[in-house]
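# Remarks on the overall topology
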Amino acid sequence: MRIVQNLSIKRKLTLIIMLTSAAALVLACVVFAIYDWFTFRQTMTRDLSTLAEVLGANSTAALSFSDQRAAEETLATLSAKPNIVAACLYTTDGQIFAIYRRKDHQEEFSPPTLQQEGSQFVNNHLELFHRIRLDGEMAGALYLQSDLQEVSARLKGYAGIIT
């Protein structure tokens, strides 16, 4: 505190203005990062829902004709999406029909029991259940699990910018 007491009025005012500006800038960056975090999570959910609709539409024939090989091939296309960790197709009675696991993913994956349609963030993953319909009738269901590495990368980027 003695350092501040020995400063001239001009220096004290400059210090106050600098500290106030820095605090306002850091606060604005933090608020912006939090806003982006929420909106990015919503975007991830929307994108995963769209992917589930496309995969579901492509899986109706495999489910209708009980063609497990075709179902596995359809799920294998998820390898083009590096954030997808695992996926499952379910029959109408809730039995697991086909499974996809990302090859480089180290965590153990056990398919969850069939749940209501919807999405949720659980254990650093975004999980989504989607009902697959064919001509208005339920043909099966799809489960997708996405990691949150993109969200973490964005937050680290914002931390770097704020710093």
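In the block above lies the structure referred to throughout.
Computed from a predicted model, the values in this text were never measured in an experiment.

### A short note on the pairing of strand 3 (residues 118-122)
Strand direction decides the pairing type here: strand 3 and strand 4 (residues 125-134), joined by five bridges, are antiparallel. Bridged to Val-122 within strand 4 is His-125. Following strand 3, the chain reverses through two residues before pairing antiparallel with strand 4; Asn-123 in that reversal takes a positive phi of roughly 50°.

### What about helix 2 (residues 9-64)?
When the terminal C-alpha atoms of helix 2 are compared, their 81 Å separation across 56 residues agrees well with the 82 Å that a helix rising 1.5 Å per residue should span. Where helix 2 ends, the next residue or the one after it, Ser-66, has phi of about 50°, a positive value.

### Looking at the side chain of Arg-102
Of note, Arg-102 is situated in the loop between strand 2 (96-101) and strand 3. At 2.3 Å, the side chain of Arg-102 forms a polar contact with the backbone oxygen of Pro-82.

### Some thoughts on the packing of helix 2 against helix 4 (residues 149-162)
At a minimum axis separation of 10 Å, helix 2 and helix 4 run at an interaxial angle of 170°. Relative to helix 4, helix 2 is oriented roughly antiparallel. Pair helix 2 / helix 4 crosses with right-handed handedness. Residue-level contacts link Val-26, Cys-29, Val-30, Phe-32, Ala-33, Asp-36, Trp-37, Phe-40 and Met-44 of helix 2 to Glu-150, Val-151, Arg-154, Leu-155, Tyr-158 and Ile-162 of helix 4. Considering only residue class, the contact of helix 2 with helix 4 consists of 12 nonpolar, no polar and three charged.

### Here's the deal with the sheet that holds strand 1 (residues 84-90)
Taking strand neighbours across the sheet as the criterion, the five strands line up as 2-1-5-4-3 in an open arrangement whose pairing is antiparallel. At either margin of the open sheet sits one strand with a lone partner, and together these are strand 2 and strand 3. Between one strand and the next, the sheet's axes are offset by a mean angle of 15°, whatever the strand orientation. Across the sheet, helix 3 (residues 68-76) touches strand 1, strand 2 and strand 5 (137-147), and the angle it forms with strand 2 is around 30°.

Conventions adopted
- Residues numbered from 1 in each chain as written.
- Predicted model: local features only at pLDDT ≥ 70, side-chain atom pairs only at ≥ 80, totals over all residues.
- Heavy atoms only, no water.
- Pairing = 2+ DSSP bridges.
- Helix = DSSP H or I, 4+ residues; strand = E, 2+ residues; numbered from the N terminus.
- Expected span 1.5 Å × (residues − 1).
- Polar contact = N/O pair within 3.5 Å; in protein donor to acceptor, adjacent residues only side chain to side chain.
- Axes fitted to C-alpha atoms, helices over the stretch in contact; angles between N-to-C directions.
- Parallel < 35°, antiparallel > 145°, perpendicular 65-115°, else oblique.
- Left-handed = near helix turned anticlockwise from the far one by under 90°.
- Contact = heavy atoms within 4.5 Å.
- Nonpolar A, V, L, I, M, F, W, Y, C, P; charged D, E, K, R; others polar.

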